[in-house]
Amino acid sequence: MNRVRDPFNLHNLNRPGTTFAAINILRATATTAAVQIRDRAEKAAASAAQQAAELVEQAAERTRDAVGAVAEAAEAAAKEVERALDQAAFQSASSSDLEQQGVLFPSAAAAEEPPEEEEEEKDTEQGDMAFSIPRHVPSFTDPARQAEDRLWAAATRQRVGPSSGGGVLGGVQDKVGEFLNPDRRSLPMYKDKPYGYGPGGAGKPRPLLRKKRVLGFLTLVVLGLLWFTGIFDDHNERARAKLGDWGWLSSDTKAGSKADWARRRERVVEAMELSWDAYERYAWGYDEFHPVSKTGRNMAPKGLGWIIIDSLDTLMIMNLTSRVTHAREWISKSLTWDQDQDVNTFETTIRMLGGLLSAYYLSTEYPHLAPITDDDVGAPGEDLYLEKARDLADRLMSAFDTPSGIPYASVNLAKFQGLPSHADNGASSTAEATTLQLEFKYLANLTGEKDFWDRSEKVLQVLDDNQAPDGLVPIYIQPSTGHFHTQNIRLGSRGDSYYEYLIKQYLQTKKAEPIYQDMWNDALGGIRKHLVTYTENSGFTIVGERPSGLDGHLSPKMDHLVCFLPGTVALAATEGLSEREARKKPGFWNKQREADMQLARELMQTCWGMYRYMATGLAAEITYFKIPSDPLPESSTTHTSPPDSIFDTPSSSPDAPASWRKDFEVHQFDSHNLQRPETVESLFYMYRITGDVKYREWGWEMFKSFVNYTSVEDGGGFTSLSNANVIPPVTKDNMESFWMAETLKYFYLLFSPEDLLPLDKVVFNTEAHPLPVFEVGRLLKTGWERKPRTTAAGAA
């Protein structure tokens, strides 16, 4: 694998799209600069906080010194006052009558001399008393007493009422003062020295002390603001409270420029940030997230990283560097596969193995996306994602230890043990067994371990040896025998991704394995022949089901999962090129490819109608359609597709809906919306391939409906819905991991320039994890051949 870096894209200077590469370089440079600025700001803030703390401590120390000095001065002044009073009383007593005037009116003693007889009488009365009259009694009008009061006021510094400054600030300053000097209330409280004074009763605070208190208060405010903004957190981003200005939800204006689409793409980034930050805040490390109740739950004792790993490459593609760093840290320190836990082989492969391999691919081949140093070439953690992927793959390989080579439905991770399904007589889902190949083949290419390639490839050989008529396979297959179980044929659950991975395997190895293109062409012919038909009123194109096999009736039922098909059909028709390029390619374009593109357009319109039909604008899990009793075949020449404007036809009355709505039906128990990605996935492919902006506009309307009806209050992110056909909808209190892994990723790519992950350079696995197109060699190549086809009908 070529890992030579070209950070300035020098080898592409003469190619189209260099402008976008330059923009990506500038964006990466700006991101790096922003990170450096943030780091410097954090250091400056930490230094400022330390200096502020030192200033606060110095202010507190000086305040305590000042209070101590005032107390000492007050004590000395009190002693001086006491001595002055003693001297004044002594002088008064020597020249006046204490019994008549000296006690209460010492100032009048010098003005009048008492008679000698009265003095003797008072002496007699005093001798008869049980106590002596004190010589010194407080005077509340004496100037010396007023000076003493002022000294006590200066010592206590207690201010109340208007003299304190009043209001909230005065109270806050008192609290700050108590914090700066906890000993300030330790002064004695005499009965005649009340702690608080009325207006004018306390002296004015010293200016220096006031400045220190204000400085301390402002320092606490600044530190509080810094803490609130998260600058001291380990993870330096906070959950968004809302998606920008919500006014854009009610806007019907169509995008008219690249700048408009860039703004819309930014809304998707905001939705991703809101979703991720809510999970990070309320359920970090858990495998499930319930955004309404704001709780999480694990699927294994130590967690599997179900949401973290599945969402990782979306964070990278959106260049959310700090969130990628946090996710990587969890993977490095907390993720372990050595757990006694049964897991689904298919889900674990497409989400966990696919997510890790995609993260490895993006971090090595697109270093400007969410750049971090830990995964740079030569760094100790360079191969973290690959090492975790290899460990998991070794455990998942035990699922292939079956008599036929068809993998078991489950695996015990710690025991390296495959486990058959507990239902369906042990049969495995056909789609699940045949949707492992992109991941294991890429891992084989990275590691050189041929076993990953051979065992995953053998599944297709065993399945194809059944020679399913017209390439349409039943939805269950037995690991014990390798034969199909039941005859149910559909492109919804348990059947869908088998067809998807046929054409994508062909594209993954640069079209070096035409056997998978042959299988795809057979299957698409069977879909046209047995499953495609048209609705009765408006002529929408649908893909039905054959629950009893190809000889049974056609059910007009479409899972939302089937909406992967229009995008996949278009991808197969152009083989990853734009339609314009494909038409110009010599010897490439033909009538069949033209017909395939028309089928893709018609199915895309139907899937869009499934959204328009619902009250919330969000499609139901399952939709039924009204078709004639004798369904029209796909090749019917009498069929004409309705115009897109049909969806704008108003209803004549509440009891008379628009005619196109009569073709759609949603049952009560099928009205839930799980935030599925299949329709926006197909919109992404259809826009990239056709260039028709209407697919972008449809996607924008879908995105607005998701934001409007699935967002959770109080920064909870987004939730799936139990009923999407009522307003307000009924919430389900669950965020599926594919909301961030697939749905938001495809919205982002739909609104992005076409040179971001071009379709001729990458293939997306069924969980939207991009994997590279690579060349096969002598070691890794197709190891089987198809048996000659027979004309037998019916399933084996």
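Residues numbered from 1 in each chain as written. Predicted model: local features only at pLDDT ≥ 70, side-chain atom pairs only at ≥ 80, totals over all residues. Heavy atoms only, no water.

Engineer: Looking at this structure, I do not really get the pairing of strand β11 (residues 622-625). What am I missing?
Structural biologist: Walk down a regular strand and you will see the side chains alternate between the two sheet faces. When strand β10 (residues 557-559) meets β11, the two strands line up antiparallel, connected through 3 bridges. Following the sheet pairing, Lys557 is matched in β11 by Tyr624. Here 2 bridges tie β11 to strand β12 (residues 664-665), and the two strands are oriented antiparallel to one another. Its bridge partner lying in β12, Phe625 is registered against Phe664. (Pairing = 2+ DSSP bridges. Helix = DSSP H or I, 4+ residues; strand = E, 2+ residues; numbered from the N terminus.)

Engineer: I keep staring at the sheet that holds β11 and nothing clicks. Help me out?
Structural biologist: If you trace the 3 strands from one edge of the open sheet to the other, you get β10-β11-β12, paired in antiparallel fashion. Each having just a single partner strand, β10 and β12 make up the two edges of the open sheet. Packing of helix α19 (residues 591-612) onto the sheet brings it into contact with β10, β11 and β12, and relative to β10 it is tilted by some 85°. (Contact = heavy atoms within 4.5 Å. Axes fitted to C-alpha atoms, helices over the stretch in contact; angles between N-to-C directions.)

Engineer: Honestly, the environment of Lys294 in this entry has me stumped. Any pointers?
Structural biologist: Mapped onto the fold, Lys294 is located in the loop between β1 (288-290) and β2 (295-297). One polar contact links the side chain of Lys294 to the main-chain carbonyl oxygen of Glu713, over a distance of 3.3 Å. (Polar contact = N/O pair within 3.5 Å; in protein donor to acceptor, adjacent residues only side chain to side chain.)

Engineer: I keep staring at the packing of aromatic side chains and nothing clicks. Help me out?
Structural biologist: In this description, an aromatic ring pair is defined by two values, namely the gap between the centres and the angle between the planes. By the definition in use, this model includes 30 aromatic pairs. Each ring, one from Phe684 and one from Tyr685, has its centre 5.3 Å from the other, and the planes form 50°; the classification is tilted. Summarising the burial analysis for this pair, Phe684 and Tyr685 share the class buried. Aromatic pair Phe684 and Tyr746: ring centres 5.6 Å apart, planes at 35°, arrangement tilted. Here Tyr746 lies in helix α22 (residues 737-750) and Phe684 lies in helix α20 (residues 678-690), a separation of 62 residues in the sequence. (Phe/Tyr/Trp six-rings, centres within 6.5 Å; stacked < 30°, edge-to-face > 60°. Buried < 20%, exposed > 50% of the residue type's maximum accessible area, 1.4 Å probe, protein only.)

Engineer: What am I meant to see in helix α9 (residues 321-333) here?
Structural biologist: Each turn of an α-helix holds 3.6 residues, which means side chains three or four residues apart point in the same direction. For α9, spanning 13 residues, the distance from its first C-alpha to its last is 18 Å, which sits close to the expected 18 Å at 1.5 Å a residue. Those residues of α9 not exposed but buried are Thr321, Ser322, Arg323, Val324, His326, Ala327, Arg328, Trp330 and Ile331. (Expected span 1.5 Å × (residues − 1).)

Engineer: How do you make sense of helix α10 (residues 345-365) when you look at a structure like this?
Structural biologist: Its 21 residues give α10 an end-to-end C-alpha distance of 28 Å, which sits within 8% of 30 Å, the value for a rise of 1.5 Å per residue. Its maximal kink placed at Gly354, α10 deviates by approximately 30°. Burial runs high along α10: 19 of the 21 residues are buried. Backbone nitrogen of Phe346 and a side-chain oxygen of the N-cap are separated by 3.0 Å at the start of α10; the cap is Asn344. (Bend = angle between axes of the 7 residues up to and from the residue.)

Engineer: What's the story with the sheet that holds strand β5 (residues 417-419) in this structure? I'm lost.
Structural biologist: Hydrogen bonds along the backbone pair up the strands of a sheet, which may run parallel or antiparallel. Here 3 strands make up an open sheet; going across it, the order is β3-β4-β5 and the pairing antiparallel. Each edge of the open sheet carries a strand with a single partner, namely β3 (342-344) and β5. The sheet shows a mean angle of 30° between the axes of neighbouring strands, direction not considered. Looking at chain direction, strand β4 (residues 410-412) and β5 are connected through 3 bridges and run antiparallel. What sits directly across from Ser410, in β5, is Leu419. α10 contacts β3 and β4 of the sheet and is inclined by roughly 70° relative to β3.

Engineer: How do you make sense of the environment of Glu439 when you look at a structure like this?
Structural biologist: Residue placement: Glu439 occurs in helix α13 (residues 437-447). Each C-alpha atom of the pair Glu439 and Gly354 lies 5.8 Å from the other, and the pair is 85 residues apart in sequence. Here Glu439 is in contact with Thr349, Ile350, Leu353, Gly354, Leu357, Tyr501, Asn765 and Leu771, once residues within four sequence places are set aside.

Engineer: Would you mind going over unusual backbone geometry with me for this structure?
Structural biologist: Leave glycine aside and you will find that most residues have negative phi; peptide bonds, for their part, are mostly trans. Of the consecutive residues Ile727 and Pro728, the connecting peptide bond is found in the cis state with omega at 0°. For Pro728, the position within the fold is in the loop between β15 (721-723) and β16 (730-731). Positive phi outside glycine occurs at Arg494, with the angle close to 75°. Looking at where Arg494 falls in the secondary structure, it is placed in the loop between β7 (476-477) and α15 (496-508).

Engineer: Looking at this model, I keep getting lost on the packing of helix α8 (residues 306-317) against α22. Mind explaining?
Structural biologist: The angle between the axes and the distance between the axes are what describe a pair of packed helices. Running from amino to carboxyl end, α8 crosses α22 at an angle of 15°, the nearest separation of the two axes being 7 Å. The orientation of α8 relative to α22 falls into the category roughly parallel. Of the two elements, α8 crosses α22, and the hand of that crossing is left-handed. Across the interface between the two elements, Trp306, Ile307, Asp310, Ser311, Asp313, Thr314 and Ile317 from α8 touch Ser737, Phe738, Met740, Ala741, Lys745, Tyr748 and Leu749 from α22. (Parallel < 35°, antiparallel > 145°, perpendicular 65-115°, else oblique. Left-handed = near helix turned anticlockwise from the far one by under 90°.)

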